[in-house]
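So you can see what is in the structure, the chains are spelled out below.
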Amino acid sequence: MSASVPFRLLRTSVFAVVCLALGLGAHLFGGGTVSADVLAGGLVAAFAVAYPLSGRERSFGAVLSLLGGLQVAMHVGFSLAHAAAPVEAPAHGHSGLVPGLGMLVAHLWATGLTALWLARGEALFWAVLRRLAVRLLAVFRPVAAWTPFLPARTAEPPALRSAVLRHVVSRRGPPVLVDFG
C-alpha cells in the first residue's frame, strides 16, 4: 500500500521530531548544549532523509537502521556545535566526537527502544488504514451490484405442512441392537 503526500508528510514529520527529540534529549542529558540553528538543521536533515523512505510501510530493521544512522549524524552535529561553543560544559559525557561508554550504551538503548516504538506504531497505522479502506469499500459499494434474492414463481403453490411437523425428527423402527459377541 502506498501513501499519498499528506500521509507521507505526517509520517515523516513524526519520525523527524521523534528522532530530533531523542538526539537532543540524550545530548542534553549528557550535559551538552545545543543552539536553535543546530536544532533546525537537525530537524531538516532528519526530514530530508526520512521523506523519500516514507512511501510505504517499513519493518523494524529498516526503522532501526534509519534511526541509528540519523542518531549518529545528530550526535556528530551536536558535538561539533558543542565543541565550537565558547563555554565548555564540565559535565558533558565525552570529549570531541568519541562518546564515552555510558553515552554509547544510552544512545543504543534509546535508539532501539524508539525504533521498536516507531515500528509498532507504523504497523498499527498501516493496519488501521487497511481496515478503514475495507470498511469504506463495503459501505460505498455500488447499489446496483447488490441484487436481493427473489424466489422464482411457480404455477402451483407449494404443499403446506403444519409448523409442528416441519421441525419433528422422525426415527421409526426398532432400536438398533448392539452385538457384544
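You'll find the structure just up there.
The rules behind each value
- Within each chain, residue numbers correspond to sequence positions counted from 1 in written order.
- Selection of residues for local features in this predicted model requires a pLDDT of at least 70, selection of side-chain atom pairs for listing and counting requires 80 or more, and totals for whole chains, interfaces and linings are taken over all residues.
- Excluded from the side-chain calculation are hydrogens and water; included are all heavy atoms of the structure.
- Each nonpolar core is a collection of buried residues, namely Ala, Val, Leu, Ile, Met, Phe, Trp, Tyr and Cys, held together in the definition by side-chain atoms within 4.5 Å.
- With a 1.4 Å probe rolled over the protein chains alone, any residue whose accessible area is under 20% of its type maximum counts as buried; one over 50% counts as exposed, and the rest are partly exposed.
- Numbering goes from the N terminus for both helices and strands, where a helix is a DSSP run of H or I of at least four residues and a strand is a run of E of at least two.
- We call two residues in contact when some of their heavy atoms are within 4.5 Å.
- Space inside and on the surface of the protein is sampled on a 1 Å grid over the protein atoms alone, with a cavity defined as a set of points where a 1.4 Å probe fits but cannot get out and a pocket as an open set with protein on both sides within 12 Å along at least 5 of 7 lines; lining residues have an atom within 4 Å of a point.
- Grid points are joined across faces, edges and corners, and a volume is the space filled by probe spheres set on the points.
- In this classification, Asp, Glu, Lys and Arg are treated as charged, Ala, Val, Leu, Ile, Met, Phe, Trp, Tyr, Cys and Pro as nonpolar, and every other residue, Gly included, as polar.

### A word on the nonpolar core
Of all hydrophobic cores here, the largest spans 18 residues; its most connected members are Phe15, Val63, Leu67, Leu70, Met74 and Leu118. Counting residues per element, the ones that place at least two in this core are helix H1 (5-29), helix H2 (36-50), helix H3 (60-83) and helix H4 (101-139).

### Observations regarding the side chain of Thr111
Within the secondary structure layout, Thr111 lies in helix H4. For Thr111, a relative accessible area of 8% puts it in the buried group. Here Thr111 is in contact with Leu22, Leu64, Leu67, Gly68 and Gln71, once residues within four sequence places are set aside.

### What to know about the layout of surface pockets
Where empty space is left becomes clear once a probe the size of a water molecule has been rolled over the atoms. In this structure, the largest pocket spans a volume of roughly 420 Å³. As for the largest pocket, its lining consists of 17 residues, and the residues nearest its centre are Arg11, Val14, Phe15, Leu118 and Glu122. Across the lining of the largest pocket, the residue classes tally to 11 nonpolar, three polar and three charged.

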